[in-house]
Amino acid sequence: MTAVPFDPELAAALAVISQNMPSSLTPEMIPLLRQGMTGFTPSEDLTLGGIVDLTDVDLGDGVSVVVCRPVAAPTPAPAVYWIHGGGMIMGDHRVGLADPLAWAVELGLVVVSVDYRLAPEHPDPAPVEDCYRGLVWLAENAADLGIDPARIVIAGGSAGGGLAAGTALLARDRGGPALLGQMLIYPMLDERNDTVSSHQMSGLGVWDHTSNDTGWSALLGDRRGGPDVSIYASPSRATDLSGLPPAFVDVGSAETFRDEDVAYATAIWQSGGQAELHVWPGAFHGFDVMVPQAALSQRAKHARLDWLRRLLGH
């Protein structure tokens, strides 16, 4: 099966990245992967030199959030509820915050990032239930946090994008907090891992077919592919995507998640919903984080900020 070519600028960077990061991740590598992500974003960096105030809140039972409020943000401010990536198996609430903090400063909003429990120690439904719990806490404490409860946007990248989609479905089905929008950045949505793109990019780029098996198997174990997988764990299984907030979905054309993400946006339209879809030509998974100055990365970052600005009425 012929692979999609990488964008030339990204391909050059990927050649260097691949020297330290294999395309295929196996279960035995999880402890080392976690160790490599520890302290990825030191707390002092999240203040952006003192213009963002940080508050840690322990919700109990292994779940916590960090509230990031720009000093200049209005009260009440809109909020982005951020869910970090890491394939369901690694990362924490201080990973991947560079762009959300940039949105916060640019648009005067508060970022609340949740630290959910990880698989395989805490399999489904723990991660998505943790994320939903954090969202409910945010909505219930909006007044004390100086947040406008009518302007909460859920967002996440990779596994965090999949958890954001699952949490939005939970909020819809439980009559939970009303969300203004959902930003799904190359989200991890389909545990079956059997799309053309998941096979096409096997062994290439970042987070390939084998890595995806590793993450989903950690989350779901023997239930993978069977009848007992919920739409909240694997949102691609949802047949009714009506009643959801407007979505922003983006993905690279040269990555595992391409087909499932395009299908999810299509299913939202088919259910009468609103979705904005971007497929970045030749982009690999996580391209914008790993090669932030690349032209394609800058285009992706601009598109996300622009969508948020329009959604919030700025």
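Residues numbered from 1 in each chain as written. Predicted model: local features only at pLDDT ≥ 70, side-chain atom pairs only at ≥ 80, totals over all residues. Heavy atoms only, no water.

Caption draft 1: Representation of the packing of aromatic side chains within the structure. This model, assessed by the stated rule, comprises four aromatic pairs. A cation over an aromatic ring shows up here: R174 above the ring of Y132, its NZ or CZ 5.0 Å from the ring centre. (Phe/Tyr/Trp six-rings, centres within 6.5 Å; stacked < 30°, edge-to-face > 60°. Lys NZ or Arg CZ within 6 Å of the ring centre and 35° of its normal.)

Caption draft 2: Seen up close, the pattern of salt bridges. The tally for this structure, following the rule as stated, stands at 18 salt bridges. R309 is the salt-bridge partner of E106, the closest N and O atoms lying 3.0 Å from each other. Within this pair, whereas E106 is found in helix α3 (residues 98-107), its partner R309 is found in helix α11 (residues 295-312), the two being separated by 203 residues in sequence. Classification of E106 as partly exposed rests on a relative accessible area of 49%. Residue classification places R309 among the partly exposed residues on the basis of a relative accessible area of 23%. A salt bridge links R304 to D250; the shortest N-O distance between them is 2.9 Å. Here the residue R304 occupies a position in helix α11, and D250 occupies one in strand β7 (residues 247-252), the gap between them amounting to 54 residues. (Salt bridge = Lys/Arg side-chain N within 4 Å of Asp/Glu carboxyl O. Helix = DSSP H or I, 4+ residues; strand = E, 2+ residues; numbered from the N terminus. Buried < 20%, exposed > 50% of the residue type's maximum accessible area, 1.4 Å probe, protein only.)

Caption draft 3: View of the nonpolar core. If you look at the biggest cluster of nonpolar residues, it comprises 98 residues, and the most contacted ones within it are Y81, I83, W103, V112, I147, Y264 and F287. Tallying contributions element by element places helix α6 (residues 159-174) first for this core, with eight residues. Sequence-distant contacts of I83, defined by excluding residues within four places in its chain, comprise V114, Y116, C131, I154, A155, G156, G157, G160, L163, A164 and T167. (Core = buried A, V, L, I, M, F, W, Y, C linked by side-chain atoms within 4.5 Å. Contact = heavy atoms within 4.5 Å.)

Caption draft 4: Inspection of the packing of helix α4 (residues 126-140) against α6 at higher detail. The geometry of α4 relative to α6 is characterised by a closest axis approach of 9 Å and an angle of 65° between their N-to-C directions. Of the two possible hands of crossing, α4 and α6 adopt the one that is right-handed. In this structure, α4 contributes P127, V128, E129, C131, Y132 and L135 to the contact, and α6 contributes L163, G166, T167, L170, A171 and R174. Tallied by class, residues from the contact of α4 with α6 come to eight nonpolar, two polar and two charged. (Axes fitted to C-alpha atoms, helices over the stretch in contact; angles between N-to-C directions. Left-handed = near helix turned anticlockwise from the far one by under 90°. Nonpolar A, V, L, I, M, F, W, Y, C, P; charged D, E, K, R; others polar.)

Read these as geometric descriptors, not functional statements.
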